[in-house]
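Structural overview
Chain by chain, the residues:
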Amino acid sequence: MTALLAVESIECRFGPRTIIEDFSFTVSEGDINTLLGPSGCGKTTLLQAIAGFNPVTQGTIRLHDQIIAQPDDALPPEKRGIGMVFQDYALFPHLTVHDNIGFGLKHLDRVERKSRIREVLDLVQMSELADRYPHQLSGGQQQRVALARALAPKPRLLLMDEPFSNLDTELRRALATEVRDILKRAGITAIMVTHDRDEAFAISDHIGVLDDGHLLQWDRPEVIYHQPATPTVASFVGDGTFIEARVREDGWIESELGLLPDPDERWPVGASLDVFVRPDEVLVEASGVEARVLSRAFMGTQTRYGVELPSGRRLDAVFRALHRHKAGDYLPLTLHTDHLVAFPANRNYNPADWTVETLDTREAVNL
Ligand SMILES: Nc1ncnc2c1ncn2[C@@H]1O[C@H](COP(=O)(O)OP(=O)(O)OP(=O)(O)O)[C@@H](O)[C@H]1O
């Protein structure tokens, strides 16, 4: 299938500062894609280059095989056929929902315009509220109107910049799922920008993880989660802690949380590894290593514990709330995972540390 959008080795600069560097990806028709990365990594800059609000200083951007941006040559934003949804909704306060949606449809005659407005109102399930003004709507409803307004002119591509970040957590997740359904029903190709991984997982067919203006990985959400390309991707898309491990003579991987299999013999004997341990992969088992409970947070069906291994390494473990352990208790812990994520060791990784440098050549291993 040919790409609807092809971003090819682009660079974006603000004065002397390079914000986006040698950045390439393609987007297939009908796919919902998310650019995920920490604050300041260049997500909005990239989105605005696609929309036409930022110039590219290297590379090209093609939409349906038409070059829409290259150095010193850019199609104006209004000629790109791209719709945008912003975090602050950007609705016209003095216009009703109906008229906000109709604003970009002035090229249509009255009957066509009314019919298209009805169609998108129906699509976002806002038909009942067509006569209301933005201030008479909840945040979630306002964002649905903003989505309807962007979809009304039938854009070739929809861009969404942190569309849910003004909403509370619960509504955010619900609306992300709802927006996915709406876009799929309308067959719209979209790119969203967010720093919220749950939102990205809820909405996306493909996720691109960015760090410091570079693309670290572009893949399906499951692959990003289970086979992260770099330690930074692993840390960004899932809670966890790296523990040290070594490949034994017999091929087993010896870690502080016990022996782990390496069925594909991916690692040479003697290799030192950093193994990523997710809280839900830690189990209490009689044969486990004695870990001391440091903290406990009840979370309803589960309880999250902070524990310390004999080496002093601290990590989190999540167990069903049925079990009650308290600070100071010792628990025998092991690691069980269907998707062991490991990298060659050469440094300490702090998942909370965004400034971690990564080596792109490293490969995640999925055992
Ligand atoms: N117009 C501008 N002039 C100069 N520097 C800019 C401009 N716009 C953005 N930047 C810088 O570019 C870098 C990337 O900003 P950008 O807004 O693209 O990041 P982001 O990943 O979208 O962040 P956030 O999630 O916080 O919105 C930041 O260091 C920012 O200060």
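Residues numbered from 1 in each chain as written. Predicted model: local features only at pLDDT ≥ 70, side-chain atom pairs only at ≥ 80, totals over all residues.

Next up on the list: the pairing of strand β9 (residues 190-194). Here β9 lies mainly inside the structure; five of its five residues are buried. Taking every second residue as pointing to the same face, both faces of β9 are buried, with Ala190, Met192 and Thr194 on one and Ile191 and Val193 on the other. In the sheet, strand β8 (residues 157-161) pairs with β9 via four bridges, with the strands oriented parallel. Bridge pairing links Met160 to Met192 in β9. (Buried ≥ 20, exposed ≤ 12 C-beta atoms within 10 Å, placed from the backbone. Helix = DSSP H or I, 4+ residues; strand = E, 2+ residues; numbered from the N terminus. Pairing = 2+ DSSP bridges.)

By the bridge criterion, six bridges tie strand β16 (residues 282-298) to strand β17 (residues 302-308) in an arrangement that is antiparallel. If you follow Arg296 over to β17, its bridge partner there is Tyr305. As consecutive antiparallel partners, β16 and β17 are separated by three residues, and within that stretch Gly300 has a phi angle of approximately 90 degrees, a positive value. Sheet topology note: the β17/strand β18 (residues 314-320) ladder contains seven bridges and is antiparallel. Note on β18: the bridge partner recorded for Val307 is Leu315. What sits between the antiparallel neighbours β17 and β18 is a turn of five residues, in which Gly312 has the positive phi angle 100 degrees.

Counted at 1.5 Å a residue, the expected span for helix α4 (residues 139-151) with its 13 residues is 18 Å, and the 18 Å between its end C-alpha atoms agrees. With ten of 13 residues buried, α4 is to be regarded as a mostly interior element. Residues of α4 that are buried: Gln142, Gln143, Arg144, Val145, Ala146, Leu147, Ala148, Arg149, Ala150 and Leu151. The elements touched by buried residues of α4 are β7 (82-85), α2 (97-102), α3 (110-123), β8 and α5 (169-186). (Expected span 1.5 Å × (residues − 1). Contact = placed C-beta atoms within 7 Å.)

Let us look at the sheet that holds strand β5 (residues 66-70). Reading across the sheet, the five strands line up as β2-β1-β4-β5-β6 and stay open at both edges, with antiparallel pairing between neighbours. Where the open sheet ends on each side, the last strands, each with one partner, are β2 (17-28) and β6 (73-74). Examined bridge by bridge, β5 and β6 share two bridges and lie antiparallel to one another. By the bridge assignment for β6, Ala69 is matched with Ala74.

Read across the open sheet, the six strands follow the order β7-β8-β9-β3-β10-β11; overall the sheet is mixed. With partners counted over all chains shown, the strands left at the sheet margins are β7 and β11 (214-219), one partner each. With strand direction ignored, the average angle separating the axes of adjacent strands in the sheet is 20 degrees. In this structure, β7 lies alongside β8, joined through four bridges in parallel fashion. Bridged to Gly83 within β8 is Leu158. Strands β7 and β8 of the sheet are contacted by α4, whose axis makes an angle of about 170 degrees with β7. (Axes fitted to C-alpha atoms, helices over the stretch in contact; angles between N-to-C directions.)

For the rest of this paragraph, the subject is unusual backbone geometry. The phi angle at Lys154 is positive, at roughly 55 degrees, despite the residue not being glycine. By the element assignment, Lys154 lies in the loop between α4 and β8. Residue classification places Lys154 among the exposed positions, given that 12 C-beta atoms sit within 10 Å. In this model, Glu162 sits at a positive phi of 45 degrees, which is unusual for a non-glycine residue. Of note, Glu162 is situated in the loop between β8 and α5. Owing to 19 C-beta atoms within 10 Å, Glu162 belongs among the partly exposed residues under this scheme.

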